[in-house]
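The lines below spell out each chain.
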Amino acid sequence: VQLQASGGGLVQAGGSLRLSCAASGRTFSRYVVGWFRQAPGKERDFVAGINWSGSSTDYADSVKGRVTISRDNAKNTVYLQMNSLKPEDTAVYYCAARLSSSDVVATHDYEYGYWGQGTQVTVSS
């Protein structure tokens, strides 16, 4: 599967952005998908993840209540709605996909085998 992340940009603190992760491939519904982010000089961190059907999601504590992950398997797309953005949310955001027989959301980047190119999110104070 190939992934294409989009939707990043420059936004003021308190604003919102919706990131999209578009996937190629006919079996996208069998992939667990996660969003990760990496700020300059920092490690890549888990942000949110969603299982095959969208019935189960997981979020990093730092974004809970502000971020919502969803998917539309008919469109082969996963979304990350980010609200109440903070300057510390500034990072490159990556979507990743995991083909697994287990429909469990994975939270570690090494569990994902497919990665998109990343989209920059910059939040100004």
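The structure under discussion appears in the preceding block.
This one's a predicted model, so the numbers in the text were calculated from it and none came from an experiment.

The rules behind the values
Residues numbered from 1 in each chain as written. Predicted model: local features only at pLDDT ≥ 70, side-chain atom pairs only at ≥ 80, totals over all residues. Heavy atoms only, no water. Buried < 20%, exposed > 50% of the residue type's maximum accessible area, 1.4 Å probe, protein only. Helix = DSSP H or I, 4+ residues; strand = E, 2+ residues; numbered from the N terminus. Pairing = 2+ DSSP bridges.

Colleague: Help me get a handle on the pairing of strand β4 (residues 31-38), residues and values and all.
Modeller: A large share of β4 lies buried, amounting to 7 of its 8 residues. Here β4 runs beside strand β9 (residues 91-99); their pairing, made up of 8 bridges, is antiparallel. Paired with Phe36 across the strands is Tyr94, a residue of β9. Connecting β4 to the antiparallel partner strand β5 (residues 44-50) that follows it, the hairpin turn spans 5 residues, and Gly41 within it adopts a positive phi of roughly 80°.

Colleague: How would you explain the environment of Glu111 if you had to name every residue and give the values?
Modeller: Its location among the elements puts Glu111 in the loop between β9 and β10 (114-115). Residue Glu111 is classed as partly exposed on the basis of its relative accessible area, which comes to 26%. With 14 residues separating them in the primary sequence, Glu111 and Ala97 have C-alpha atoms 8.9 Å apart.

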